[in-house]
Amino acid sequence: MRGIIEKMDYMVDLGVDILWLNPIYKSPNDDNGYDISDYYQIHEEYGTLDDLVELLDLLHSRGMKLVMDMVINHSSDEHEWFRASKQNDSNEYADYYIWRSGKSGGPPNNWPSFFGGSAWEYVESRDAYYLHLFTKKQPDLNWENPNVQKEFDRILKYWLDLGIDGFRLDVIPLLSKDLSFVDSPYDDFGDTVSYIYSNGPHIHKYLKGINDRVFSKYDILTVGEGPGITKELANLYVGDDRNELDMIFQLEHMFIDHGPDGRFDPKPFALADLKALLNEWDAAIGDRGWLSVFLDNHDFPRMVSRFGNDGPYRVQSAKMLAMMILTMRGTPCIYFGSEIGMTNVSFPSISDYRDVETHNFYQLYREKGLTEDHFLELVERQGRDNVRTPMYWDASANGGFTDGIPWIKVNPNYLQINVDTDASSEDSIRKFYKDLLAWRKQHLAVVYGSYVPIWVEHPSLFAYVREGEKELLLVVLNFSDSPVQLPQPSQVEGMKMEISNYNVEDNIFAPWEGRIYKKV
Ligand code: TEU
């Protein structure tokens, strides 16, 4: 947090409004803080509670807000609740988690963990299995238990009374499971998430309860991370008449290239698939709900590597992707480093990676006979550590991130991709973000306007119209390495080009060229 305080001017100057911090609570870091062992303590490696209060006051004084990450689906197995719960089935915490006896010595059913292997772990002292949809050090909490609900009312109020401005709620649709625990009939992980783990029978009762007892008492923002929330169910979470959440991160596009075995079983996808998916989501949410718009975060590869071109067109495609996330309908979420076009990383050895998901699947794939080199290719393309290397401020040691030893290696390309080098370039990506963010604040059609996709069948262009009370905007984005002819030049007649990453106004879109037009 001292580092964020030190770089406050950098964020304010960029023009962002809200800072989302991944979990900073006490944690053994089995899953980088998404395994909380004390919900009321700040993990000392991030600083102290005083540091957080100083950061919060500084953000507020600069007109910004702080949204903290909250993980209420599971805790760490080192939390005092679980330490007690696993002792026996009679103490007050016995039913804070989900325990079941096995079937003929095996787990209660075939549910897989997100992070490989069974979602059940046996504990001798209870002669029973507990459910963990993530690592075995992340036991799922039993939200059927009113005492669990009361615990989290207190926890959420504690942080809100400290003055934070909202929560990003981890894996929120998983809180309620179908407790019949029938075997999953799916061998496709994605379907298991969507139809078995998510959107359980009591999820809306739980969320309405939390909103009624806690969130509704504060002027805050709530955003739920929504693995498994489908288009058809989304407005049950964010509909303006639902009193549950303000918005969700829908993840369907994040899974677009995941094969049946998940992220390390990648499959190809076309722009047409991405366009169709995002357009269907906008139509499903419509005017009644609200989404956050993003193309990467701490769980998915760098967007310029995954959806752009991090080679010869890194700068242009980074800017074009920014135009998309900052003009689609919804609240944009910019992951740190996107503003300087940070890319995926390629470490030479599996020991250079830190992510538990990567290591778990590495073991599983090695057991299946895959070589380290083959798995490293999958990690370079799909792994979460791609987005978890440090921020690069300059070309000094460790990118100026620390004069200590960073918890994970830096990307060797930090010598070319860092804030200082970007700032000295006439093609600065960060300056493009800054100008676009400032422009966005002056054109509220991007915030409140309608969203109408056009040229939906075009294989390379992603184009849509945003129309508000006072203005009509047309966004045209070339998601390809090739020049593309504008399909209907008449479409831009009577339009003025407001924003472009090439600043050329003809009928040919250069590779990764984006333009925002305004009807005059
Ligand atoms: O992620 C859960 C989730 O569904 C996706 O982000 C993705 O499936 C996951 O990264 C596994 O591939 C949330 C957090 O964002 C993630 O960092 C945590 O590891 C996870 O929950 C468990 O808390």
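### With respect to the site of the ligand
Looking at the ligand, there are 20 residues lining it, with Asp31, Asp170, Asp299, Glu357 and Arg384 nearest. With respect to the ligand, the side chain of His74 contributes an N or O atom lying 3.0 Å from an oxygen atom. For the ligand, an oxygen atom lies 2.8 Å from a polar atom in the side chain of Arg384. Calculation on the ligand without its partners gives an accessible area of 480 Å², and the protein chains cover 98% of this total. Residue classes in the shell around the ligand are distributed as 8 nonpolar, 3 polar and 9 charged.

### Topic: the sheet that holds strand 19 (residues 495–500)
The 5 strands are arranged 15-16-17-21-19 in an open sheet whose pairing can be described as antiparallel. Sheet topology places strand 15 (450–454) and strand 19 at the edges, where each strand pairs with a single neighbour. This sheet shows a mean twist of 25° between the axes of neighbouring strands, independent of strand direction.

### A short note on the packing of aromatic side chains
With the rule as written, the count across this model stands at 41 aromatic pairs. Note on Tyr39 and Phe152: the rings are 5.1 Å apart at their centroids and 90° apart in plane angle, and the pair reads as edge-to-face. Taken together, the positions of Tyr39 in strand 3 (residues 38–42) and Phe152 in helix 5 (residues 146–162) put the pair 113 residues apart, joining distant regions of the chain. Summarising the burial analysis for this pair, Tyr39 and Phe152 share the class buried. For the pair Trp111 and Phe181, a centre-to-centre distance of 5.1 Å together with 65° between the ring planes defines the contact as edge-to-face. Of the two residues, Trp111 sits in the loop between strand 5 (99–100) and strand 6 (120–123) while Phe181 sits in the loop between strand 8 (166–169) and helix 6 (189–197), which places them 70 residues apart along the sequence. Chaining the aromatic ring pairs together yields one cluster made of Trp111, Phe114, Phe115, Trp120, Phe134, Phe181, Phe189 and Tyr197. Lys7 extends its terminal NZ or CZ atom over the ring of Trp393, reaching a point 4.2 Å from the ring centre. Over the ring of Phe509 we find Arg515, and its NZ or CZ is 4.1 Å from the ring centre.

### Focus on the nonpolar core
Formed by 107 residues in total, the largest nonpolar core has its most connected members in Met70, Trp159 and Phe479. Of the residues forming this core, the biggest block, 7 residues, is contributed by helix 11 (residues 314–325). The contacts of Phe479, once residues within four sequence positions are left out, are Leu271, Leu274, Phe307, Met320, Leu321, Met324, Ser460, Phe462 and Trp512. Trp111, Trp120, Phe181 and Tyr197 belong to the second largest nonpolar core, which has 18 residues in total.

### Describing the side chain of Glu225
For Glu225, the position within the fold is in strand 9 (residues 221–226). Beyond its immediate sequence surroundings of up to four residues, Glu225 is in contact with Arg168, Leu169, Asp170, Val171, Ile172, Pro173, Phe249, Leu251 and Asp299.

### Some words on the environment of Leu295
Mapped onto the elements of the fold, Leu295 is located in the loop between strand 13 (292–293) and helix 10 (303–306). In contact with Leu295, other than residues within four places in its own chain, are His253, Met254, Met303, Phe307, Leu321, Met324 and Ile325.

### Examining helix 3 (residues 49–61)
Compared with the 18 Å implied by 1.5 Å per residue over 13 residues, the 18 Å span of helix 3 between its first and last C-alpha is a close match. Burial in helix 3 covers these residues: Asp51, Leu52, Leu55, Leu56 and Leu59. Considered in projection along helix 3, the buried side chains sweep an arc of 135° and stay on one side of the axis. Seen from the open side of helix 3, the exposed residues pointing more than 90 degrees away from its buried face are Asp50 and Ser61. In this fold, the buried residues of helix 3 make contact with helix 1 (2–6), helix 2 (8–14), strand 1 (18–21), strand 3, strand 4 (65–70) and helix 5. After helix 3 finishes, the residue Gly63 shows a positive phi value of roughly 80°.

Basis of the calculations
- Residues numbered from 1 in each chain as written.
- Predicted model: local features only at pLDDT ≥ 70, side-chain atom pairs only at ≥ 80, totals over all residues.
- Heavy atoms only, no water.
- Near = heavy atom within 4 Å.
- Polar contact = N/O pair within 3.5 Å; in protein donor to acceptor, adjacent residues only side chain to side chain.
- Areas by Shrake-Rupley, 256 points an atom, 1.4 Å probe, with all protein chains shown as cover.
- Nonpolar A, V, L, I, M, F, W, Y, C, P; charged D, E, K, R; others polar.
- Pairing = 2+ DSSP bridges.
- Helix = DSSP H or I, 4+ residues; strand = E, 2+ residues; numbered from the N terminus.
- Axes fitted to C-alpha atoms, helices over the stretch in contact; angles between N-to-C directions.
- Phe/Tyr/Trp six-rings, centres within 6.5 Å; stacked < 30°, edge-to-face > 60°.
- Buried < 20%, exposed > 50% of the residue type's maximum accessible area, 1.4 Å probe, protein only.
- Lys NZ or Arg CZ within 6 Å of the ring centre and 35° of its normal.
- Core = buried A, V, L, I, M, F, W, Y, C linked by side-chain atoms within 4.5 Å.
- Contact = heavy atoms within 4.5 Å.
- Expected span 1.5 Å × (residues − 1).
- Arc of directions from axis to C-beta.

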